[in-house]
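# Survey of secondary and tertiary structure
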Amino acid sequence: MFRTPSEVVAFMQKEDVKVVDLRFMDFPGLWQHFSIPAHELEESVFEAGLGFDGSSIRGWQAINESDMLVKPVPETAFVDPFLEHKTLVMVCNICDPVTGEDYTRDPRNIARKAEAYLARTGIGDTAFFGPEAEFFIFDDVRFDQNQHSGYYFLDSEEGAWNSGRAEHVDGSGISHNRGYKIRYKEGYFPVPPADTQQDMRSEMMLVLEEIGVPIECQHHEVATAGQAEIDIRFAPLVSMGDMLLKYKYVIKNVARKYGKTVTFMPKPLFGDNGSGMHTHISIWKEGKPLFAGDGYAGLSEMALFAIGGILRHAPALLAITNPTTNSYKRLVPGFEAPVNLAYSSRNRSAAVRIPMYSNNPKTKRLEFRCPDPSCNPYLAMSAILMAALDGIQNKVHPGEPLDRDIYDMSPEELANVPTTPGSLRESLEALNADHDFLLKGDVFTQDVIDTWIDYKIDRECNALALRPHPWEFALYFDI
């Protein structure tokens, strides 16, 4: 871990680094980068920054306000494990070159402001996050959409649909299938040979640890066709945002090395589990956990109020934590989908769960189960924290827990349990109506909220609504 620019420069000289790669986050949530020769990185760059054209970065300024600065953050530096020429990577903050101020639409800046706001409230000084980002590893992905056709095709050697496929041809020309396909919803978690990706996931895990991302475990997930999860050890908000970007980068590039491809789409397969990003949160002050107490499930009153804030603002939150049209194909009843806006210590269909694995106060936390890995992690975790803080500040009690099996509840009982929005458009409408809690402390600005809503409606909701869907032909072609 580097602490100062001088430590970074000294390391580069000692290790003969050839290239410096400067990375930052666009508005929707993809890492962007450009590179400079190592000799161009002087200590002054960390303060003065380097200029670049931001006009083509999604969600950023118009062409007449396109000049931006990147300022490298020393503690984020790591040597890229995939590139041929020795390259030092650093995450950067984005600044306006005219005012010198942090750029309000830089997602990392929003996360930094959320951490600072937490400290200013006096409620706590650290918000720890532990996201569980799931993903699929496929062998083949093809998709296209034009004026007269549209389709997608996914394949995996593990896929249950390949149980009858001729896969291997021996010397006599006879084809064979080795079996051991993972049945739908039975991927949690058989050993090899059914699990064909153990070595690949282990390499992902080890590479992540090499670049400073601490890992707790890796395993196959519930769905067929290579669904997986690798869990990062909890960390403060901004640090966790940085680590999630490294996480996606490493996972995608290790998979590519194995001739595979990875997607963090929430619902790539019909009829099997989607990929979530259950997000654990706890607030601490002066080294002490604040969510442990003698209330329900061992929670403090503060933790219950935090749950109240998350549940109250959940419809708006989902516009940021579940920000794609595909997200709402995962958030449907069944599949353990967390669609009920309630809390529980054991019901995984509740939006907020309280893990009960340990009685240690340091492990007491909330698990917000709705988010998925298509989100921008800086924005998503900042929004969750702001909702929790709003609940604490306004003493929003979450009501009674939902500890019953929802499948045993009558329709009349279920009618009293609010549920998540049914589409991205509904969530964006909720965000438009309920976002004052995000504006506190100037963490999110009105410009950020408006830009997010406009971008998502225009580029995603409306774009999808205009295009025929393949299943519509099955339903309506002969009408």
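Parameters at a glance
- Residues numbered from 1 in each chain as written.
- Predicted model: local features only at pLDDT ≥ 70, side-chain atom pairs only at ≥ 80, totals over all residues.
- Heavy atoms only, no water.
- Helix = DSSP H or I, 4+ residues; strand = E, 2+ residues; numbered from the N terminus.
- Rg over C-alpha atoms; globule rule 2.2 N^0.38 Å.
- Buried < 20%, exposed > 50% of the residue type's maximum accessible area, 1.4 Å probe, protein only.
- Contact = heavy atoms within 4.5 Å.
- Areas by Shrake-Rupley, 256 points an atom, 1.4 Å probe, with all protein chains shown as cover.
- Lys, Arg positive; Asp, Glu negative; His and termini not counted.
- Charge placed at Lys NZ, Arg CZ, Asp CG, Glu CD.
- Axes fitted to C-alpha atoms, helices over the stretch in contact; angles between N-to-C directions.
- Parallel < 35°, antiparallel > 145°, perpendicular 65-115°, else oblique.
- Left-handed = near helix turned anticlockwise from the far one by under 90°.
- Phe/Tyr/Trp six-rings, centres within 6.5 Å; stacked < 30°, edge-to-face > 60°.
- Pairing = 2+ DSSP bridges.
- Polar contact = N/O pair within 3.5 Å; in protein donor to acceptor, adjacent residues only side chain to side chain.

Tallying secondary structure elements over the protein chain gives 13 helices and 20 strands in all. Compactness check: the protein chain gives a C-alpha radius of gyration of 23 Å against a globular reference of 23 Å for 479 residues, within 12% of the reference. Counting only C-alpha atoms and orienting by the principal axes, one finds that the protein chain spans roughly 65 × 60 × 50 Å. Counting the 479 residues in the protein chain, one finds 53% classified as buried. Of the contacts formed within the protein chain by residues at least 6 apart in sequence, a portion of 67% connects residues at least 24 apart. When the accessible surface of the protein chain is split by element, carbon and sulfur atoms take 52% of a total near 22100 Å². Computing the positive centroid from 46 side-chain charges and the negative centroid from 68, the protein chain places the two 3 Å apart.

As a further point, take the packing of helix 5 (residues 237-257) against helix 8 (residues 377-393). The interhelical angle for the contact between helix 5 and helix 8, taken along N-to-C directions, is 150°, at an axis separation of 9 Å. As the angle between them shows, helix 5 and helix 8 are arranged roughly antiparallel. Crossing of helix 5 over helix 8 shows right-handed handedness. Where helix 5 approaches helix 8, its residues Leu237, Val238, Met240, Gly241, Asp242, Leu244 and Leu245 are matched on the opposing element by Pro377, Tyr378, Met381, Ser382 and Leu385.

To continue, consider the packing of aromatic side chains. This model, assessed by the stated rule, comprises 18 aromatic pairs. Taken together, a centroid distance of 4.9 Å and an interplanar angle of 40° make the contact between phenylalanine 24 and phenylalanine 52 tilted. With a gap of 28 residues between them, phenylalanine 24 in strand 1 (residues 19-25) and phenylalanine 52 in strand 3 (residues 50-53) connect regions that are remote in the sequence. When sorted by exposure, phenylalanine 24 lands in the same class as phenylalanine 52, which is buried. Pairing phenylalanine 82 with tyrosine 249 gives two aromatic rings, centres 5.7 Å apart and planes at 75°, and the pair type is edge-to-face. You can see phenylalanine 82 sitting in the loop between strand 5 (78-79) and strand 6 (87-95) and its partner tyrosine 249 sitting in helix 5, a full 167 residues away along the chain. A network of ring pairs unites the aromatic residues Phe24, Phe34, Phe52, Trp60 and Tyr103 as a single cluster.

This next bit is on helix 7 (residues 314-321). For the α-helix, the turn length of 3.6 residues means that residues three or four positions removed from each other point alike. Across the eight residues that make up helix 7, a large majority, seven, are buried. Turning to helix 7, its buried residues number three or more, namely Ala314, Ala316, Leu317, Leu318, Ala319, Ile320 and Thr321.

Moving on, we come to the environment of threonine 420. Following the sequence through the fold, threonine 420 ends up in the loop between helix 9 (411-414) and helix 10 (424-433). A relative accessible area of 9% means that threonine 420 is categorised as buried. Through-space distance from the C-alpha of threonine 420 to that of methionine 302 is 24 Å; in sequence the pair is 118 residues apart. Filtering out sequence-adjacent residues up to four positions away, threonine 420 remains in contact with Leu318, Leu331, Pro338, Val339, Leu341 and Cys370.

Of all five residues making up strand 18 (residues 340-344), five are buried, and the element is well covered by its neighbours. Alternating residues of strand 18 divide into Asn340, Ala342 and Ser344 and Leu341 and Tyr343, and every residue in both groups is buried. Here strand 18 runs beside strand 19 (residues 350-353); their pairing, made up of three bridges, is parallel. When the bridges of strand 19 are listed, asparagine 340 appears paired with alanine 350.

Turning our attention to the side chain of serine 282. In this structure, serine 282 sits in strand 16 (residues 277-285). By relative accessible area, which is 8% here, serine 282 ends up buried. Within the structure, the side chain of serine 282 is placed 3.1 Å from the side chain of tryptophan 284, a separation counted as a polar contact. Here serine 282 is in contact with Thr126, Ala127, Phe128, Phe291, Lys364 and Arg365, once residues within four sequence places are set aside.

Moving on, we get to unusual backbone geometry. The peptide bond linking tyrosine 188 to phenylalanine 189 adopts the cis configuration, its omega dihedral lying at -20°. Tracing the sequence through the fold places phenylalanine 189 in the loop between strand 11 (175-176) and helix 4 (198-210). Backbone torsion omega between proline 192 and proline 193 reads 15°, so that peptide bond is classified as cis. Positionally, proline 193 belongs in the loop between strand 11 and helix 4. Even without a glycine there, the phi angle at lysine 185 is positive, about 65°. Positionally, lysine 185 belongs in the loop between strand 11 and helix 4. For lysine 185, a relative accessible area of 38% gives the class partly exposed. Phi angles above zero are rare outside glycine, and glutamate 286 is one such case at about 50°. Mapped onto the fold, glutamate 286 is located in the loop between strand 16 and strand 17 (288-289).

On to the pairing of strand 1. Counting buried positions over the seven residues of strand 1 gives six, a clear majority of the element. In the sheet, strand 1 pairs with strand 6 via five bridges, with the strands oriented parallel. Its bridge partner lying in strand 6, valine 19 is registered against threonine 87. Pairing between strand 1 and strand 2 (residues 31-37): seven bridges, direction antiparallel. Opposite methionine 25, over in strand 2, you have tryptophan 31 as the bridge partner.

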